[in-house]
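# Observations on the three-dimensional arrangement
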Amino acid sequence: DHPSDFLGLIESRDPDVLCISAVPPSRVMHVQKLCKRIIDRFPKLPIVAGMWTLELETRETSHGPPFLAGAHVVTSLGDARAQVRQRAGAGVTV
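A brief structural summary. (Residues numbered from 1 in each chain as written. Predicted model: local features only at pLDDT ≥ 70, side-chain atom pairs only at ≥ 80, totals over all residues. Heavy atoms only, no water.)

### Examining helix 3 (residues 77–88)
- Under the 1.5 Å per step criterion, the end-to-end length of helix 3 is 16 Å for twelve residues, consistent within 8% with the ideal 16 Å.
- Restricting attention to buried positions, one finds in helix 3 the residues Ala80, Gln83, Val84 and Ala88. What you see down the axis of helix 3 is that its buried residues fit within an arc of 115 degrees, all on one side.
- Packed against the buried residues of helix 3 are strand 1 (18–22), strand 2 (47–51) and strand 3 (72–74).
- Positive phi shows up at Gly89, right after helix 3, with a value of about 110 degrees. (Helix = DSSP H or I, 4+ residues; strand = E, 2+ residues; numbered from the N terminus. Expected span 1.5 Å × (residues − 1). Buried < 20%, exposed > 50% of the residue type's maximum accessible area, 1.4 Å probe, protein only. Arc of directions from axis to C-beta. Contact = heavy atoms within 4.5 Å.)

Set out below in C-alpha cells:
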C-alpha cells in the first residue's frame, strides 16, 4: 500500500487514536517515516507505536524517543492497550 492511500484512509475514518504495529526487520525506519507523514497531516492525532522487540532503557524514553517524536512508543500489548485508552478517552472499549 502506498503511504498516501493510508493517509486517505485515516482521514476517512477520523480515528480518536492511531495504533501502528511494527516488527523487524524494517520496523524503525518505516515507522519513523510513516509517523512523520501522519503527524504532518494530522498533528493532533495521538499515535501509539508498538515496537514489539524494542528495549527501552527508561520509562521517559518511551514518551518521545528522537526516532519517533510525536508518537508514544510501547513494547507490550498491555502498554499499548493502556495508552490507547488514555489517549482515546474513557468511553472507548479496547
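### Description of the nonpolar core
- In this structure, Ile10, Ile20, Val31, Cys35, Ile38 and Leu68 are the most contacted members of the largest nonpolar core, which totals 17 residues.
- The set of elements that each furnish at least two residues to this core consists of helix 1 (3–13), strand 1, helix 2 (27–41) and strand 2.
- Element by element, the count of residues in this core is highest for helix 2, at four residues.
- When neighbours within four sequence positions are excluded, Ile38 is seen to be in contact with Phe6, Leu7, Ile10, Leu18, Ile20, Pro43, Leu45 and Ile47.
- Ranked by size, the runner-up nonpolar core spans six residues in total, among them Val17, Val74, Ala80 and Val84. (Core = buried A, V, L, I, M, F, W, Y, C linked by side-chain atoms within 4.5 Å.)

### Re the pairing of strand 2
- Across the five residues of strand 2, five count as buried, placing the element largely inside the fold.
- Of the two faces of strand 2, the one carrying Ile47, Ala49 and Met51 and the one carrying Val48 and Gly50 are both buried.
- Both strand 1 and strand 2 contribute to a ladder of five bridges, which runs parallel. The residue of strand 2 that forms the bridge with Ala22 is Met51.
- As defined by bridge partners, strand 2 adjoins strand 3 across three bridges and the pair is classed as parallel. Paired with Gly50 across the two strands is Val74, which belongs to strand 3. (Pairing = 2+ DSSP bridges.)

### A few points about the pattern of salt bridges
- Using the criterion set out here, one finds two salt bridges in the structure.
- For Glu11, the salt bridge is made with Arg41, and the minimal N-O distance between the two is 2.6 Å. Here Arg41 lies in helix 2 and Glu11 lies in helix 1, a separation of 30 residues in the sequence. (Salt bridge = Lys/Arg side-chain N within 4 Å of Asp/Glu carboxyl O.)

### Some details on the sheet that holds strand 2
- Taken in spatial order, the three strands of this open sheet run 1-2-3, and their pairing is parallel. Of all strands in the sheet, those with a lone pairing partner are strand 1 and strand 3, marking the two edges. The average undirected angle you get between the axes of adjacent strands in this sheet is 20 degrees.
- Across the sheet, helix 3 lies against strand 1, strand 2 and strand 3, angled at about 155 degrees from strand 3, the strand it touches most. (Axes fitted to C-alpha atoms, helices over the stretch in contact; angles between N-to-C directions.)

Any link to function would need more than the numbers given here.
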